[in-house]
There are 2 protein chains.
Amino acid sequence: MRINMTDGAGGKMEKLCFGVDIGGTTIKLGMFNIDGEIKEKWEITTRKADNGKYILEDISTSILGKMSRYDIAPEKCVGIGIGVPGPVTKDGTVLKCVNLGWGVMSVAEKVHERTKVKNIKVANDANVAALGEMWKGGGAGYKNIVMVTLGTGVGGGIIIDGHILTGYNGAAGEIGHIVVNSEEEDECGCSKHGCLEQYASAKGIVRIAHRILDSTEEPSMLREPKRLSAKKVFDMAKEGDKVAIRVIDSFGRYLGLALAHVAQVVDPEVFVIGGGVSRAGQIVTDAVSKYYEENVMFALKNKQFNLAELGNEAGIYGSARMVIEK
Amino acid sequence: MRINMTDGAGGKMEKLCFGVDIGGTTIKLGMFNIDGEIKEKWEITTRKADNGKYILEDISTSILGKMSRYDIAPEKCVGIGIGVPGPVTKDGTVLKCVNLGWGVMSVAEKVHERTKVKNIKVANDANVAALGEMWKGGGAGYKNIVMVTLGTGVGGGIIIDGHILTGYNGAAGEIGHIVVNSEEEDECGCSKHGCLEQYASAKGIVRIAHRILDSTEEPSMLREPKRLSAKKVFDMAKEGDKVAIRVIDSFGRYLGLALAHVAQVVDPEVFVIGGGVSRAGQIVTDAVSKYYEENVMFALKNKQFNLAELGNEAGIYGSARMVIEK
């Protein structure tokens, strides 16, 4: 990628910042200008050895490399934003990241020590993704958004007046573990029963499909020997398969109910739905909005449901946004 | 009430503000110093004639009367905070107050015109009560609280970092209309089915009691010919009446589930439970916290459940707090 490091004023270096999204296997990094144009993006491997003690070192080294290559002095760097897969308090302390082997960790302090960049912001990855979508994705133009990410699990992030809602222990926006079915017998990964994640994640959709297939003799393309996936359920529903349509309806009922609960609490302008499952497109927002409308009071009806637009890059966008937000 | 209008510095007038809580039958008013000491409180009747057009006039006249009596110039008045029984947007526009006969109403503008006081803040009454309890009541010492008011209806107010969470259309914190029972056949006042208000308001508790009494032959003191009330159900439960205990358990299950939903969204420090029903005391918080714990994820467990302390005065305290908050 060629990078234009000059601004319109004639060759003067423009202000830059970095967005980092730490995942369990790879770390995504991006270099942005303060208008949110991405200048370069890259990935490094997440070194989880020795309780993840090399992770922040690797990130700092990688960023220092870019700063040196493009001749960016620490004081010309607006900041470094970092999203981590665990709860983070408002002051940027990570409480725990099981995936990375971390306990309590002062991420900002350690990255500042190594890079000398002053403005380091840290937040939970799902919250950061929501901020990214607000800035440059499916929530652009809004300041009050609820984002829900439907992937292996179900994550959530809430933006109020343009800022992440963190919560007292960094656990705000944990939409995936709202209980939506008190009758559920299977246990969720969090050890509760009937969490949204058990119905609206990719795995949850397959679980619903197996349940419905087991409960009926009805013919369905989902009975093919090929391995069942959430994508296949959506594809078959689009082709009119009645069992697949019932599965999607059930998915929509649980997700619509949970988002209704969220709306009763924070009253957002728009919902943004992301993650692998959302690639199925409008069928997702249609299934959800139907049950959302049934479960919210009058003042909260007719909210917008948008699909996320930044995919895996929402995290680096949102992280970068944290360090330039007012 | 005798009022000391001098401060320690020797006779100089201290700074004062007013808190107003507009209800459907009476308007409560309070005069406070900026430390939250109440100097005087009084009530006037809510004149609902002609679509409530005299209400703001009456409030302004009443406040001007006090200002004149105590010789407070408009510029010595820190401000006037007003709680209204309807949704209010962040800029203080009232969207609708069915109880008062109001449509869209620029409350701040009208009160400013009449009183010449510059700093006028307006918010929803349930939100304002939450702010009052945070300042001087059951949430004192905390900055992130969720208040739920269990009275004729069920109201809610959420405080984040010391400020009211308003929501995009002023409908944040509408906890009473979270759907907690998708199987409910009776209709809620809001026209949905299974809202928290149908189980956790005073009327809701009586409704549960009738249902349980009708479903069993079990003897119970609740079967006495005397009219059933929420208070009686709590009193009998405290005396060991098994049916009454089941009613309170059911009340706790629905309220605990709803507050678990709220916690998954905003992760507060403390819950404050107020309203007439909360006068039953610790039996209320015990019933709720049991089911709360069952329905939240690990990071949100062991939250504090406090009883409200300001009763009917929470509104005037919270309204006053709005005009002196940073």
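Here, the structure is the one placed above.
Here the structure is a predicted model, which is why all the values come from computation and not from measurement.

All right, on to the relation of the copies chain A and chain B then. Note on the identical chains: chain A maps onto chain B by a rotation of 180 degrees and an axial translation of 0.0 Å, with an RMSD of 0.0 Å. What the rotation and shift describe, once combined, is the action of a two-fold rotation axis. When the interface residues of chain A are mapped onto chain B, 100% of them again fall at the interface, so both copies present the same face.

What follows covers the interface of chain A and chain B. Counting residues at the interface gives 38 residues for chain A, matched by 38 residues for chain B. Counting the contacts that link chain A with chain B gives 2 salt bridges. The residue B:K90 makes a salt bridge to A:D161 at a minimum N-O spacing of 3.0 Å. The tally of links from chain A across to chain B stands at 19 residue pairs in polar contact (both at pLDDT 80 or more). Listing elements by their share of the side of chain A that touches chain B, those giving two or more residues are β7 (154-160), α8 (242-266) and α9 (282-295) of chain A.

All names here are of chain B. Helix length check: helix α9 (residues 282-295), at 14 residues, gives a terminal C-alpha distance of 20 Å against a target of 20 Å (1.5 Å per residue), a fit within 8%. Burial in α9 covers these residues: V284, T285, A287, V288, Y291, Y292 and N295. Looking down the long axis of α9, one finds its buried residues gathered within 160 degrees of arc, a one-sided arrangement. On its buried face, α9 sits against β6 (145-150), α7 (230-238), α8 (242-266), β9 (270-274) and β10 (304-307).

Our focus in this paragraph is the nonpolar core. Formed by 112 residues in total, the largest nonpolar core has its most connected members in A:L150, A:F251, A:V266, B:L150, B:F251, B:L259 and B:V266. Those residues in contact with B:L150 that sit more than four places away from it in its chain are B:A200, B:F251, B:L255, B:I273, B:G274, B:G275, B:G276, B:V277 and B:V284.

In this structure the tally under the stated criterion is 34 salt bridges over all chains. A salt bridge links B:R211 to B:D186; its shortest N-O distance comes to 3.4 Å. Pair noted here: B:R211 is in helix α6 (residues 202-215) and B:D186 is in the loop between β8 (163-164) and α5 (197-200), with a separation of 25 residues, a long-range link. With relative accessibility at 39%, the residue B:R211 sits in the partly exposed group. Between B:K290 and B:D249 there is a salt bridge, with the nearest N and O atoms lying 3.3 Å from each other. You can see B:K290 sitting in helix α9 and its partner B:D249 sitting in helix α8, a full 41 residues away along the chain. A single network of salt bridges, built from pairs that share partners, joins A:E184, A:D186, A:R207 and A:R211.

Residue and element names in this part refer to chain A. Two elements in contact, α8 and α9, have axes separated by 7 Å at closest approach and are oriented at 55 degrees. Our classification of the angle between α8 and α9 gives oblique. Read as a crossing pair, α8 and α9 show a hand that is right-handed. Between α8 and α9, the residues in contact are I248, D249, F251, G252, R253, L255, G256, L257, L259, A260, A263 and Q264 and I283, V284, A287, V288, K290, Y291, Y292 and N295, respectively. Considered class by class, the residues forming the contact of α8 with α9 number 13 nonpolar, 4 polar and 3 charged.

Packed helix pairs are specified by the crossing angle of their axes together with the interaxial distance, meaning the distance between the axes. Residue and element names in this part refer to chain B. Here helix α4 (residues 125-136) crosses helix α10 (residues 314-324) at 80 degrees, and the two axes come no closer than 7 Å. Taken together, the axis directions place α4 and α10 in an arrangement best described as roughly perpendicular. Only A314, G315, Y317, G318, S319, A320, R321, M322 and I324 of α10 make contact with α4, whose side of the interface consists of V128, A129, L131, G132, E133, M134, W135 and K136. Class assignment of the residues belonging to the contact of α4 with α10 gives a composition of 10 nonpolar, 4 polar and 3 charged.

Calculation rules
- Residues numbered from 1 in each chain as written.
- Chains lettered and ligands numbered in written order.
- Predicted model: local features only at pLDDT ≥ 70, side-chain atom pairs only at ≥ 80, totals over all residues.
- Heavy atoms only, no water.
- Least-squares fit on C-alpha atoms with pLDDT ≥ 70 in both.
- Contact = heavy atoms within 4.5 Å.
- Salt bridge = Lys/Arg side-chain N within 4 Å of Asp/Glu carboxyl O.
- Polar contact = N/O pair within 3.5 Å; in protein donor to acceptor, adjacent residues only side chain to side chain.
- Helix = DSSP H or I, 4+ residues; strand = E, 2+ residues; numbered from the N terminus.
- Expected span 1.5 Å × (residues − 1).
- Buried < 20%, exposed > 50% of the residue type's maximum accessible area, 1.4 Å probe, protein only.
- Arc of directions from axis to C-beta.
- Core = buried A, V, L, I, M, F, W, Y, C linked by side-chain atoms within 4.5 Å.
- Axes fitted to C-alpha atoms, helices over the stretch in contact; angles between N-to-C directions.
- Parallel < 35°, antiparallel > 145°, perpendicular 65-115°, else oblique.
- Left-handed = near helix turned anticlockwise from the far one by under 90°.
- Nonpolar A, V, L, I, M, F, W, Y, C, P; charged D, E, K, R; others polar.

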